[in-house]
Amino acid sequence: MIKSHHFSAILPVQQTVFNWQKTDFIEVLKKAADTAELTVVGEVSFAFQPQGVSAVILLAESHIALHFWPEESKVTIDIHICDYQKDNLQKAQFLTQLLTQEFSSCEYLNNWHYFSIDN
């Protein structure tokens, strides 16, 4: 049986995020995934003109996608983590905490939406 965990949020960003380059977004995602004991297998990012960044980290467990909207002072984050060979829900929850701390000063649980799929 496969179970997947999907977390999604729109977070207000801290002022420091406005100074980041697309590589900074990738590094934050990779560091958070590593800290949550998830396995990074690939990455891609794109800087839009005149503003905005999209970044995706591919994981052995699935992926993390991020979009920075500077004109709205917000970042959208989607996390999809599968339970392949073990339960990864706690790792996914920990990842939401880590990413909230990196991007925003808001309380993390109030901004994340969660759903799971069993098959």
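This text gives an overview of the structure that appears in the document. These figures come from a predicted structure and were not determined experimentally. Residue numbers here run from 1 along each chain, matching the order of that chain's written sequence. Reporting of local features is limited, given that this is a predicted model, to residues whose pLDDT is at least 70; pairs of side-chain atoms are given and counted only at 80 or more, and all residues count toward the totals for whole chains, interfaces and linings. Excluded from the side-chain calculation are hydrogens and water; included are all heavy atoms of the structure.

1. Details of the environment of F25
Secondary structure elements are defined from DSSP: runs of H or I of at least 4 residues count as helices, runs of E of at least 2 residues count as strands, and each element is numbered from the N terminus. Topologically, F25 is positioned in helix α1 (residues 22-35). When the C-alpha atoms of F25 and F94 are compared, they prove to be 18 Å apart, with 69 residues separating the residues in sequence. Setting aside chain neighbours within four positions, we find F25 in contact with V17, W20, V53, A55, L66, F68 and F103. The contact definition used throughout considers only heavy atoms, calling two residues in contact when any of these lie within 4.5 Å.

2. Observations regarding the packing of α1 against helix α2 (residues 89-103)
Axis geometry follows a simple rule: fit a line to the C-alpha atoms, using only the stretch in contact for helices, then measure angles between N-to-C directions, giving values from 0 to 180 degrees. In the contact formed by α1 and α2, the axes pass within 9 Å of each other and the chain directions differ by 145 degrees. In this structure, α1 crosses over α2, and the sense of that crossing is right-handed. Each of F25, V28, L29, A32, A33 and T35 in α1 lies in contact with α2, whose residues at this interface are F94, L95, L98, L99, E102 and F103. For the contact of α1 with α2, the class distribution of residues is ten nonpolar, one polar and one charged. Helix crossings fall into two classes, left-handed where the near helix is turned counterclockwise from the far one by less than a right angle and right-handed where it is turned clockwise. Under the scheme applied, nonpolar residues are Ala, Val, Leu, Ile, Met, Phe, Trp, Tyr, Cys and Pro; charged residues are Asp, Glu, Lys and Arg; polar residues are all the others, including Gly.

3. Description of α1
Under the convention used throughout, the expected extent of a helix is 1.5 Å for every residue step, that is, one less than its residue count. Taking 1.5 Å per residue as the helical rise, α1 with its 14 residues ought to reach 20 Å, and the 20 Å between its terminal C-alpha atoms agrees with that figure. Buried within α1 are the following residues: F25, I26, V28, L29, A32 and A33. Buried residues along α1 cover an arc of 160 degrees about the axis, so they all sit on one side. Away from the buried face of α1 by more than 90 degrees, exposed residues T23, K31 and D34 are located. Contact partners of the buried residues in α1: β2 (40-47), β3 (53-59), β4 (62-69) and α2. With a 1.4 Å probe rolled over the protein chains alone, any residue whose accessible area is under 20% of its type maximum counts as buried; one over 50% counts as exposed, and the rest are partly exposed. As used here, the arc is the angular range of directions from the helix axis to the C-beta atoms.

4. A few points about the pairing of β4
Across seven bridges, β3 lies against β4 in antiparallel orientation. Pairing of V56 across the sheet is with A65, part of β4. Being paired, for any two strands, means DSSP has found at least two bridges between them. Hairpin connection from β3 to β4: two residues lie between these consecutive antiparallel strands. Pairing between β4 and strand β5 (residues 74-82): eight bridges, direction antiparallel. Along β5, the bridge assignment pairs W69 with K74. Between β4 and the antiparallel strand that follows it, β5, lie four residues; S73 among them carries a positive phi value of about 55 degrees.

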